2 protein chains.
Amino acid sequence: MNPLGTAPRATLAEYVVGVIRDEIARGELRPGEHLRETELAAALDVSRGPVREALAILESEGQVEIRRHRGAFVSVLTQKDVEEVHTLRAAIEVLAAERATVRLSKAHLTELDRILAAMKNTSGAVAPEEAVRLDLAFHDVLYDAADHARLRRVWASIRSQVAFFLHVRNVNFPDFPTVGHVEHLELRTVLSQGDPVAARVAVEKHMTGSFARLSRLELPSDVAG
Amino acid sequence: MNPLGTAPRATLAEYVVGVIRDEIARGELRPGEHLRETELAAALDVSRGPVREALAILESEGQVEIRRHRGAFVSVLTQKDVEEVHTLRAAIEVLAAERATVRLSKAHLTELDRILAAMKNTSGAVAPEEAVRLDLAFHDVLYDAADHARLRRVWASIRSQVAFFLHVRNVNFPDFPTVGHVEHLELRTVLSQGDPVAARVAVEKHMTGSFARLSRLELPSDVAG
DNA sequence: CGACAGTATGTTGTTGACAATCTATGAAAG
DNA sequence: CTTTCATAGATTGTCAACAACATACTGTCG
């Protein structure tokens, strides 16, 4: 019931969410795959209750799609999904930056610098997973500093898809970790200056560059149900 | 099981969501009140399963707060919540407007005009509920035209709280329905011109004015457990 | 009299089995 | 070959009972 290494003290639903999210991320569960509640429950050694709850959460994250009386299916991400996730993220991240820049605590700055240092150290050749982890960690600090519960919730709802896209990007553009460090360092500099307008502009620029690279990746342009 | 007038053919969870949401909106369930799954299940004549699901949905909408092993409590909305809902709404509505203005179909415009006409007709003395309904309906069209599933989901997650705030506003500023018609008419005009930048600016203005009025309302400034 | 530990109570969290409902598949009829 | 219908499979909804947990209460000790 607690296979050593995922979530020791959380609800079973959260545990199930973590497992499924991981399996989707690492490709064990492939896009379009049919997830049966009974199967999942048996495989994870929990009952259907937590599984249902977990699937509902994953649906709100866009990771799976639930069709009534049909079941849950791993989402097939199309070019439209890339666009949606990106535009939504840009919209909320600008707000996060505006707020964070006037709320950044010393602890937040320290944390940002810690992450930046890690980015720099791994600039050479680094596993895409690690680059994604650091990238997300940086922006997590932003959302934390923004002190906005609903904003954090929206971020959480697209976070794993952002992670997926970042991963794809890093695999296709192996030089990105270097660029990443520079860009995030710029962001940190602007953010620490406390000017909301400047922060907004900097984030807009950051997002635009990010999207340009993603748009060039090949993804299914339509769903094939 | 189907008390005539709420949700005939939906899942039981959706039905329960509707009932609780209504009761919160009309004040039958007061902020801070403790919602017991067993009680709700008995009162609505459903089992605890759908009730749990409904409470989870309501939590994602910010209507209730769930604390582990403590239960669900009707949210106590503070000044900070007003600010959060407003800033988040402003952020996503700008995006919605940018997209909608280049995607508005004839049907969308017709629908907007229908709503505007209703607003004008009821400008005199109108029930606050009706004014809120029309206000939301107008913006629903926007989000629909934006053609952005994730954006719609975020909107859905704050929609009922927006409704609550609009209601409070309309009760405290009885002249608002008139202003509302004018402002929305302006929005419609700009949106139909297909200029994303102009649309963005117009919505920003719309939101700013809306917030100014809300900020003057008296709401608890802090939570008292 | 106040602080603390242990217990009692109530609520949520979880489970497994069953009934009801719906979708999709494939066979039979026109 | 198309349409209709029946069946199989899956999910949703239901239920009763137990486990885990948080809080409140109680009694003891300082």
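Residues numbered from 1 in each chain as written. Chains lettered and ligands numbered in written order. Predicted model: local features only at pLDDT ≥ 70, side-chain atom pairs only at ≥ 80, totals over all residues. Heavy atoms only, no water.

(A) Focus on the overall build of chain A. In terms of regular secondary structure, chain A is built from nine helices and three strands. Ordered by position from N to C terminus, the α and β elements of chain A give α-β-α-α-β-β-α-α-α-α-α-α. For chain A, the proportion of its 225 residues judged to be buried stands at 44%. Total accessible area computed for chain A in this model is approximately 11300 Å², and 55% of it derives from carbon and sulfur atoms. (Helix = DSSP H or I, 4+ residues; strand = E, 2+ residues; numbered from the N terminus. Buried < 20%, exposed > 50% of the residue type's maximum accessible area, 1.4 Å probe, protein only. Areas by Shrake-Rupley, 256 points an atom, 1.4 Å probe, with all protein chains shown as cover.)

(B) Region of the structure containing the environment of Ser210 of chain A. On the secondary structure map, Ser210 of chain A appears in helix α9 (residues 196-215). For the pair Ser210 of chain A and Leu166 of chain A, spaced 44 residues apart in sequence, the C-alpha separation works out to 9.0 Å.

(C) Geometry of the sheet that holds strand β3 (residues 71-74) of chain A. Residue and element names in this part refer to chain A. Taken in spatial order, the three strands line up as β1-β3-β2 in an open sheet, and their pairing is antiparallel. Every interior strand has two partners, whereas the edge strands, β1 (34-35) and β2 (64-67), have only one. Where β2 lies against β3, four bridges are found, and the strand directions are antiparallel. For Val64, the partnering residue across the bridge sits in β3 and is Val74. (Pairing = 2+ DSSP bridges.)

(D) Representation of the protein's contact with DNA strand C. Surrounding DNA strand C, one finds 16 residues, the nearest of these being Leu12, Ser47 and Arg70 of chain A together with Arg48 and Arg52 of chain B. Expressed as a percentage, the sugar and phosphate content of the atoms of DNA strand C within 4 Å of the protein is 80%. Within the contact set of DNA strand C, a phosphate oxygen lies 2.6 Å away from a backbone nitrogen or oxygen of Leu12 of chain A. At 3.3 Å, a backbone N or O of Glu37 of chain B approaches a phosphate oxygen of DNA strand C. Taken together, the elements giving at least two residues each to the surface near DNA strand C come down to α3 (48-60) of chain A together with α3 (48-60) of chain B. For the surface near DNA strand C, the per-class residue count stands at four nonpolar, five polar and seven charged. (Near = heavy atom within 4 Å. Polar contact = N/O pair within 3.5 Å; in protein donor to acceptor, adjacent residues only side chain to side chain. Nonpolar A, V, L, I, M, F, W, Y, C, P; charged D, E, K, R; others polar.)

(E) Here's a closer look at the confidence of the model for chain A. Residues and elements named next belong to chain A. Within chain A, residue pLDDT values average 85, and 89% of them lie at 70 or more. For chain A, the element scoring lowest by mean pLDDT is α9, at 85; helix α4 (residues 79-100) scores highest, at 95. This model gives residues 1-8 a pLDDT under 50, and the stretch forms eight contacts once residues within four places in sequence are excluded. (pLDDT = per-residue confidence, 0-100. Contact = heavy atoms within 4.5 Å.)

(F) Representation of the packing of helix α1 (residues 12-25) of chain A against α3 of chain A within the structure. Residue and element names in this part refer to chain A. Their axes nearest at 8 Å, the elements α1 and α3 cross at an angle of 55 degrees. Here α3 runs oblique to α1, going by the angle between their axes. Between α1 and α3 lies a crossing whose hand is right-handed. Between α1 and α3, the contacting residues are Leu12, Ala13, Val16, Val17, Ile20 and Arg21 on the first element and Pro50, Val51, Glu53, Ala54, Leu55, Ile57 and Leu58 on the second. Considering only residue class, the contact of α1 with α3 consists of eleven nonpolar, no polar and two charged. (Axes fitted to C-alpha atoms, helices over the stretch in contact; angles between N-to-C directions. Parallel < 35°, antiparallel > 145°, perpendicular 65-115°, else oblique. Left-handed = near helix turned anticlockwise from the far one by under 90°.)

(G) Representation of the interface of chain B and chain A. Facing the 30 residues of chain B at the interface are 30 residues of chain A. Both faces combined, the contact of chain B with chain A buries some 2300 Å², and carbon together with sulfur accounts for 44% of it. The largest share of the area that chain B buries against chain A comes from Glu84, Leu88 and Arg150 of chain B, three residues that together contribute 27% of it. Summed over the shared surface of chain B and chain A, the number is twelve salt bridges. When the shortest N-O distance is used, the salt bridge between Arg52 of chain A and Glu53 of chain B registers 3.2 Å. Scanning the region where chain B abuts chain A turns up 17 residue pairs in polar contact (both at pLDDT 80 or more). Examining the composition of the side of chain B that touches chain A, we find that eleven residues originate from one element, helix α4 (residues 79-100) of chain B, more than from any other. Here the residues of the side of chain B that touches chain A sort into ten nonpolar, five polar and 15 charged. (Buried area = accessible area lost by both parts, 1.4 Å probe. Salt bridge = Lys/Arg side-chain N within 4 Å of Asp/Glu carboxyl O.)

(H) Representation of the protein's contact with DNA strand D in the model. Around DNA strand D, the surrounding shell holds 17 residues, and the nearest of these are Glu37, Arg48 and Arg52 of chain A together with Thr11 and Leu12 of chain B. Sugar plus phosphate, as a fraction of atoms of DNA strand D within 4 Å of the protein: 79%. In the environment of DNA strand D, a phosphate oxygen lies 2.8 Å from a nitrogen or oxygen atom belonging to the side chain of Glu37 of chain A. Arg48 of chain A is positioned with one of its side-chain polar atoms (N or O) 3.2 Å from a base oxygen of DNA strand D. Of all the elements in the fold, those that place two or more residues in the surface near DNA strand D are β1 and α3 of chain A together with α3 of chain B. Classifying every residue of the surface near DNA strand D by side-chain character gives four nonpolar, six polar and seven charged.

(I) A look at the relation of the copies chain B and chain A. Of the transformation placing chain B onto chain A, the axial shift is 0.1 Å and the rotation is 180 degrees, giving an RMSD of 0.1 Å. Overall, the copies show the geometry of a two-fold rotation axis. Of the C-alpha atoms belonging to chain B, the one lying closest to the rotation axis is found on Ala91 of chain B, 2.9 Å away. Both copies share a contact surface, since 100% of the interface residues of chain B are interface residues in chain A too. (Least-squares fit on C-alpha atoms with pLDDT ≥ 70 in both.)

(J) Inspection of α3 of chain B at higher detail. Residues and elements named next belong to chain B. The end-to-end C-alpha separation of α3 is 18 Å, in line with the 18 Å expected for 13 residues at 1.5 Å each. Listed as buried for α3 are Pro50, Val51, Ala54, Leu55 and Leu58. Relative to the axis of α3, the buried residues are bounded by an arc of 140 degrees and lie together on one face. Packed against the buried residues of α3 are α1 (12-25), β1 (34-35), α2 (37-44), β2 (64-67) and β3 (71-74). (Expected span 1.5 Å × (residues − 1). Arc of directions from axis to C-beta.)

(K) Structural detail: the sheet that holds β1 of chain B. With antiparallel pairing, three strands are arranged side by side in an open sheet as β1-β3-β2 (chain B). On the outer flanks of this sheet lie β1 and β2 of chain B, each paired with one strand and no other.

(L) Structural context of the nonpolar core. The biggest cluster of nonpolar side chains holds 42 residues, and the ones touching the most others in it are Leu88, Ile92 and Leu151 of chain A together with Leu88, Ile92 and Leu151 of chain B. Within the residue set of this core, elements represented by two or more residues are α4, α6 (128-146) and α7 (149-172) of chain A together with α4, α6 (128-146) and α7 (149-172) of chain B. Among the nonpolar cores identified, the runner-up in size contains 22 residues, and Ala100, Leu134, Leu142 and Leu187 of chain B belong to it. (Core = buried A, V, L, I, M, F, W, Y, C linked by side-chain atoms within 4.5 Å.)

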